[in-house]
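In case you want the letters, here they are:
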Amino acid sequence: MAKWNVNDILELTKFLVRKNQSGSISASNLFYAWNSEQTAFFEDLKGRWQARSNGKSGANTGLIENQTILTKLTPFTFLKTLDITDGSIEKPDDFSYRLGFRINGVDCFKINHNQIANVNGSVIDPPSITDNKFYFVEYENSIYILPHTLPTATITTAELDCLIQPTDVKWGFSYDADDRQVYNPGTSQQPQWLQSEIIEITKRTLASFGVSYKDKDFEQFGKAAQLTGD
């Protein structure tokens, strides 16, 4: 089955609505319901705060990097090569989650903000360009690198494996001879998800439509999709 476009999403949503004999769904309805739900779904996959699989005593963590979740998130997984300026890099505007960070092909060590002075003053394992020993501290829009003397003549960039935020879908249209809106793929923004996730997110939007239409069947259907993924 070919990957669905935004018009297929709208038609499935209308089909689900007609089953419950409720009103029709407009493109603007779809924009708000689908995009808010895809953001929530993305955050669920990325991991809000989840227990590790090593039992109840395990520390809570964010993204659980198992193969199923990583596969679902492949449309949003990118390798970014970023310039180092004054010992830091700027994160991409659509940055969501760091998966890996390397300089000169070597993994960098993440440290906490209150460790910067201790790491800089270490006599055992200090930051070193010669030894390819790099540390970093993460901020909202940037990553601070140790040693902070970067860039050099030979090291000017860093590699960031990251998740980026999904782009909002949009049902674009043009007008026909009768001045009616008809689907226009050229002005539309298509979903980035894999096919199975497109269908699941569409079903999840029924929870939002159930609230706006005051239809408990819709709401329960959407919430069931959120719980079971079916």
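Structure first, text after, so check above.
Not measured: the values here are computed from a predicted model.

Draft legend 1. Geometry of the overall build of the protein. Within the protein one finds 7 helices and 12 strands. With 230 residues in all, the protein has 39% of them scored as buried. By sequence separation, contacts in the protein at least 24 residues apart represent 65% of the contacts at least 6 residues apart.

Draft legend 2. Helix 2 (residues 27–46), seen in detail. Along its 20 residues, helix 2 runs 28 Å from first to last C-alpha, staying within 8% of the 28 Å computed at 1.5 Å per residue. Taken as a whole, helix 2 has its buried residues at L30, A33, W34, N35, E37, Q38, F41, F42, E43, L45 and K46. Downstream of helix 2 by a residue or two, G47 has a phi angle that is positive, lying close to 105 degrees.

Draft legend 3. Here's a closer look at the sheet that holds strand 7 (residues 109–110). Taken together, 4 strands build an open sheet; the order of strands is 4-9-8-7 and the sheet is mixed. Each end of this open sheet is capped by a strand with a single partner; those strands are strand 4 (88–90) and strand 7. Both strand 4 and strand 9 (residues 142–146) contribute to a ladder of 3 bridges, which runs antiparallel. In the sheet register, S88 faces strand 9, and the bridge partner there is Y144.

Draft legend 4. How the structure looks around the packing of helix 2 against helix 5 (residues 195–204). Look at helix 2 against helix 5: their axes get within 9 Å of each other, and the N-to-C directions meet at 120 degrees. The orientation of helix 2 with respect to helix 5, classified from their angle, is oblique. Crossing angle aside, the handedness with which helix 2 passes helix 5 is right-handed. Between helix 2, through W34, E37, Q38, F41 and D44, and helix 5, the contact on the second element is made entirely by E197, I198, E200, I201, T202 and R204. Here the residues of the contact of helix 2 with helix 5 are counted per class, giving 4 nonpolar, 2 polar and 5 charged.

Draft legend 5. Geometry of the environment of F136. Here F136 shows up in strand 8 (residues 135–138). Assessed through its relative accessible area of 2%, F136 is described here as buried. Separated by 27 residues in sequence, F136 and F109 place their C-alpha atoms 6.2 Å apart.

Draft legend 6. Structural detail: helix 5. Of all 10 residues that make up helix 5, 7 are buried, and the element is covered over most of its length. When we look at burial in helix 5, the residues that qualify are Q195, E197, I198, E200, I201, T202 and R204.

Draft legend 7. Looking closely at the packing of aromatic side chains. Tallied over the entire structure, the rule returns 10 aromatic pairs. With centroids separated by 5.7 Å and ring planes inclined at 40 degrees, the aromatic side chains of F109 and Y135 adopt a geometry described as tilted. Remark: Y135 occurs in strand 8 and F109 occurs in strand 7; sequence separation between them is 26 residues. A residue is classified by how much of its surface remains accessible, and F109, at 42% relative accessible area, is partly exposed. Relative accessible area serves as the criterion here: at 9%, Y135 is assigned to the buried category. Looking at K80, its charged tip hangs above the ring of F78, at a distance of 5.3 Å from the centre.

Draft legend 8. Up close: the side chain of N7. Mapped onto the secondary structure, N7 falls in helix 1 (residues 6–19). Here N7 is in contact with W171 and Y183, once residues within four sequence places are set aside.

About the criteria used
- Residues numbered from 1 in each chain as written.
- Predicted model: local features only at pLDDT ≥ 70, side-chain atom pairs only at ≥ 80, totals over all residues.
- Heavy atoms only, no water.
- Helix = DSSP H or I, 4+ residues; strand = E, 2+ residues; numbered from the N terminus.
- Buried < 20%, exposed > 50% of the residue type's maximum accessible area, 1.4 Å probe, protein only.
- Contact = heavy atoms within 4.5 Å.
- Expected span 1.5 Å × (residues − 1).
- Pairing = 2+ DSSP bridges.
- Axes fitted to C-alpha atoms, helices over the stretch in contact; angles between N-to-C directions.
- Parallel < 35°, antiparallel > 145°, perpendicular 65-115°, else oblique.
- Left-handed = near helix turned anticlockwise from the far one by under 90°.
- Nonpolar A, V, L, I, M, F, W, Y, C, P; charged D, E, K, R; others polar.
- Phe/Tyr/Trp six-rings, centres within 6.5 Å; stacked < 30°, edge-to-face > 60°.
- Lys NZ or Arg CZ within 6 Å of the ring centre and 35° of its normal.

Keep in mind these numbers describe shape, not what the thing actually does.
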